[in-house]
Amino acid sequence: ICEGVVLLFRHIFKPRNVVKQFCWNRKKNNMENNEIRNHLIFFEKNIVNLRDPDLYLKIDEYFDRTVFVQNIDFLERNNLIIEDDNRDSIYSITNKGKRLLNQIIEEEKYIEEKERIEFEKSKTDLILAQKMLKEYPYTKWFARISIVIALGLGILEIIRYIKE
């Protein structure tokens, strides 16, 4: 059992509907979906050469430098990024990393759309509830008048029945 986040690759492997799990223990490494997304976007947009001093300016702009370097190890162990063949500190994103990035982005879009729909639904429910509250006094009076009419007609029928 994985104590961390479990991401399912169900929609990526459509032909056999294979489910792959990518999980890690949060106690050992504190990377969450948001951090992974940010790191993978950075690796996708930039050629990460740790020997390049100009790169550290970009890293410092978006991340804490020490955390970034620690997370490189995590991402590499999970085959989300790969160091080039010469092992000279040049990293690039793998296909698995791209798929995971796309999955995280799609999941975020789905959650945003779901929240938007729920908000619209609650807004509509509020409008309907307000209309119902406005109509309630009229409905109450219609019900009272209907009861009086029903009682009057009932008494009239009883009087007709007694006369016959």
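Just so you know, these numbers come straight off a predicted model, no measurement behind them.

About the criteria used
Residues numbered from 1 in each chain as written. Predicted model: local features only at pLDDT ≥ 70, side-chain atom pairs only at ≥ 80, totals over all residues. Heavy atoms only, no water. Patch = residues over 30% accessible without salt bridge, like charges linked within 9 Å, V, L, I, M, F, W, Y side chains within 5 Å. Areas by Shrake-Rupley, 256 points an atom, 1.4 Å probe, with all protein chains shown as cover. Salt bridge = Lys/Arg side-chain N within 4 Å of Asp/Glu carboxyl O. Helix = DSSP H or I, 4+ residues; strand = E, 2+ residues; numbered from the N terminus. Pairing = 2+ DSSP bridges. Contact = heavy atoms within 4.5 Å. Axes fitted to C-alpha atoms, helices over the stretch in contact; angles between N-to-C directions. Buried < 20%, exposed > 50% of the residue type's maximum accessible area, 1.4 Å probe, protein only.

Considerations on a nonpolar patch on the surface
- A cluster of nonpolar residues, W141, I145, I149, L153 and L156, forms a patch on the protein surface that exposes about 530 Å² of accessible area.
- Among the secondary structure elements, I149 is positioned in helix 4 (residues 95-163).

Remarks on the sheet that holds strand 3 (residues 48-49)
- Spatial ordering of the open sheet is given by 3-5-4, a layout of three strands whose pairing is antiparallel. Each edge of the sheet is formed by a strand with only one pairing partner; in this case those strands are strand 3 and strand 4 (81-83).
- Across two bridges, the pairing between strand 3 and strand 5 (residues 90-93) is antiparallel. By the bridge assignment for strand 5, N49 is matched with I90.
- Contacts between helix 3 (residues 65-77) and the sheet are confined to strand 3, strand 4 and strand 5, with strand 4 contributing the most and set at about 100 degrees to the helix.

Some points on unusual backbone geometry
- A positive phi angle, near 60 degrees, is found at N79, a position not held by glycine.
- Mapped onto the secondary structure, N79 falls in the loop between helix 3 and strand 4.
- Take N79: its relative accessible area is 48%, and that puts it in the partly exposed class.

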